[in-house]
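Residue strings, one per chain:
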Amino acid sequence: MAFTKEIIDAETMGRSLKRISHEILERNKGTKDLVIIGIKSKGVYIANRIAKNIKTIEDVEVSVGELDITNYRDDIEKDESLNSTSKIEFSVEGKKVVLIDDVLYTGRTVRAALDAIMDYGRANEIQLATLIDRGHRELPIRPDYVGKNIPTSKQEQVIVKLLEKDGTDGVLISKK
Ligand SMILES: O=P(O)(O)OC[C@H]1O[C@H](OP(=O)(O)OP(=O)(O)O)[C@H](O)[C@@H]1O
Ligand SMILES: O=c1cc[nH]c(=O)[nH]1
């Protein structure tokens, strides 16, 4: 039987995302040339929340893009007939891109996302933010901003719940 427990509540998640927003501003010395790209699907909601926090802190609207990595995954064959649902309505050329996802695990999703972004142009810099880093990387990828490091076993599953999609905020860990 699966055993599930909450490891991050809504309040803590909100605080973590505020801290990450401040860290992004601190590291980039503000919002000049800054753009945010969320990996679909949950990374997009988190990206929008961080952009909202930045608006509150700096009163600047940072552009947010949505990245669909389906066609760049290494476990399925590339299918050009699959329409990408990415929505990036700005140039990444010369920009500082903050790539955002909910969970960082093997790193394969981020590897695919880096490939996908490259197709949009040559960013000056790509940084990575994740709400949860659960370890077990299979590629040399590390986040620049982390909500919380959660040591896990490979048998466990990390489930991020977001208000926009699930009606509630929180992070659960489930053990088979
Ligand atoms: O580092 P990785 O091993 O690639 O794992 C992390 C990815 O796994 C999850 O997505 P999932 O593929 O479960 O799809 P989802 O975004 O629809 O939840 C999560 O949202 C990350 O994108
Ligand atoms: O536990 C995991 C691993 C990858 N992606 C998730 O969302 N959870």
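Residues numbered from 1 in each chain as written. Chains lettered and ligands numbered in written order. Predicted model: local features only at pLDDT ≥ 70, side-chain atom pairs only at ≥ 80, totals over all residues.

(A) Region of interest: the overall build of the chain. Looking only at helices and strands, the chain has 4 helices and 8 strands in total. The order of helices and strands in the chain, counted from the N terminus, is β-α-β-α-β-β-α-β-β-β-α-β. Computed over its C-alpha atoms, the radius of gyration of the chain comes to 16 Å, within 12% of the 16 Å expected for a compact globule of 176 residues. Expressed as lengths along the three principal axes of its C-alpha atoms, the size of the chain is roughly 50 × 40 × 30 Å. Counting only residues that meet the buried cut, the chain has 35% of its 176 residues in that class. In the chain, of all internal contacts separated by at least 6 residues, the share reaching a separation of at least 24 is 69%. (Helix = DSSP H or I, 4+ residues; strand = E, 2+ residues; numbered from the N terminus. Rg over C-alpha atoms; globule rule 2.2 N^0.38 Å. Buried ≥ 20, exposed ≤ 12 C-beta atoms within 10 Å, placed from the backbone. Contact = placed C-beta atoms within 7 Å.)

(B) Structural detail: the sheet that holds strand S5 (residues 125-133). Overall, parallel pairing links the 5 strands, which are arranged S3-S2-S4-S5-S6 in an open sheet. Among the strands making up the open sheet, the edge pair consists of strand S3 (64-67) and strand S6 (145-149). Direction aside, the axes of adjacent strands within the sheet are offset by 25 degrees on average. In this fold helix H1 (residues 10-27) packs onto strand S4 (96-104), S5 and S6, with an angle of close to 150 degrees to the strand it touches most, S6. Helix H2 (residues 42-58) contacts strand S2 (34-39), S3, S4 and S5 of the sheet and is inclined by roughly 150 degrees relative to S2. (Pairing = 2+ DSSP bridges. Axes fitted to C-alpha atoms, helices over the stretch in contact; angles between N-to-C directions.)

(C) Focus on the UniProt feature "short sequence motif: PRPP-binding" (unreviewed entry) in the chain. Here the UniProt feature "short sequence motif: PRPP-binding" (unreviewed entry) sits at residues 97-109. Along residues 97-109 one finds 15% helix and 62% strand; the C-alpha atoms at either end are 16 Å apart. (UniProt positions renumbered as here; feature names shortened; annotations may be inferred.)

(D) Here's a closer look at the nonpolar core. Within the largest apolar cluster, 44 residues are counted, with the highest numbers of intra-cluster contacts made by Ile-36, Ile-37, Ala-47, Ile-50, Leu-99 and Ile-100. Elements supplying a minimum of two residues to this core: H1, S2, H2, S3, S4, helix H3 (108-118), S5 and strand S7 (156-161). If you tally residues by element for this core, the top one is H2, at 7 residues. When sequence neighbours within four positions are dropped, the list of residues in contact with Ala-47 reads Ile-36, Ile-37, Gly-38, Val-64 and Ile-100. (Core = buried A, V, L, I, M, F, W, Y, C linked by C-beta atoms within 7 Å.)

(E) Main features of the site of ligand 1. Near ligand 1 the following residues occur: Ile-39, Ser-41, Lys-42, Asp-101, Asp-102, Val-103, Leu-104, Tyr-105, Thr-106, Gly-107, Arg-108 and Thr-109. Elements that contribute at least two residues to the shell around ligand 1 include exactly S4 and H3. It is S4 that contributes the most residues to the shell around ligand 1, 4 residues altogether. Tallied by class, the residues present in the shell around ligand 1 amount to 4 nonpolar, 4 polar and 4 charged. (Near = placed C-beta within 6 Å. Nonpolar A, V, L, I, M, F, W, Y, C, P; charged D, E, K, R; others polar.)

(F) Seen up close, the site of ligand 2. Neighbouring ligand 2 are the residues Val-103, Tyr-105, Arg-134, Gln-157 and Val-158. Residue composition of the shell around ligand 2, grouped by class: 3 nonpolar, 1 polar and 1 charged.

(G) Up close: the sheet that holds S7. With antiparallel pairing, the 3 strands of this open sheet are ordered in space as S1-S8-S7. Lying at the two open borders of the sheet, with one neighbouring strand each, are strand S1 (3-8) and S7. Across the sheet, the mean angle separating the axes of adjacent strands is 25 degrees when strand polarity is ignored. Here 5 bridges tie S1 to strand S8 (residues 170-175), and the two strands are oriented antiparallel to one another. Counted as the bridge partner of Ile-8 is Val-171 from S8.

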